[in-house]
Amino acid sequence: MSLRDLKEENRIVIWPSYFFSPTRSKGRRLAKIPYKIKTEELVSTLRELGLDPIIIENKKYPRDRKINFLIAVKKIKSKNYTLKIIYKALLKTSQANSNREN
């Protein structure tokens, strides 16, 4: 499956660097999440939001060559809007995790 096929299916590419990277120059698009998230947490959050994630291996993010996969999700309105929804959901899960630890 190529990235062009994803566009035809009305999907957008979510690189994990948008959330994992320590700096914006390395690819982070949103504010820092106060705890480290794992790929499994990200994918489970995407499933809970109903975005039907597809993980595509062997694709490298240009700014951070350590990331070796991408996630394709359903497009809601725009890519920025979709990223904000994911970010808010990740913050809620981080708050729930911190409440469980206390």
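All chains use their own residue numbering, which begins from 1 and follows the written sequence. Residue-level local features of this predicted model are given only where pLDDT is at least 70; pairs of side-chain atoms are given and counted only at 80 or more, and the full residue set underlies all totals for whole chains, interfaces and linings. Only hydrogens and water are set aside; all other atoms, that is, all heavy atoms of the structure, feed into the side-chain values.

### What to know about the sheet that holds strand S3 (residues 69-74)
Here is the rule: The criterion for strand pairing is that DSSP finds at least two bridges linking the strands in question. Segments assigned H or I by DSSP are reported as helices when at least four residues long, segments assigned E as strands when at least two residues long, and all are numbered from the N terminus. Throughout, an axis means a line fitted to C-alpha atoms (over the contacting stretch in the case of helices), and angles, computed between N-to-C directions, take values from 0 to 180 degrees. Contacts are residue-level and defined by heavy atoms, with any inter-residue pair within 4.5 Å sufficient.
With respect to topology, 3 strands assemble into an open sheet ordered S1-S3-S2, the strand pairing being antiparallel. Two strands lie at the open edges of the sheet, namely strand S1 (11-14) and strand S2 (54-57), each paired on one side alone. When the angles between neighbouring strand axes are averaged without regard to direction, this sheet yields 30°. Relative to S3, S2 runs antiparallel, the two sharing 4 bridges. Looking at S3, one finds that Glu-57 is bridged to Phe-69. Each of S2 and S3 is contacted by helix H3 (residues 39-48), which is oriented at about 15° to S3, the strand it contacts most.

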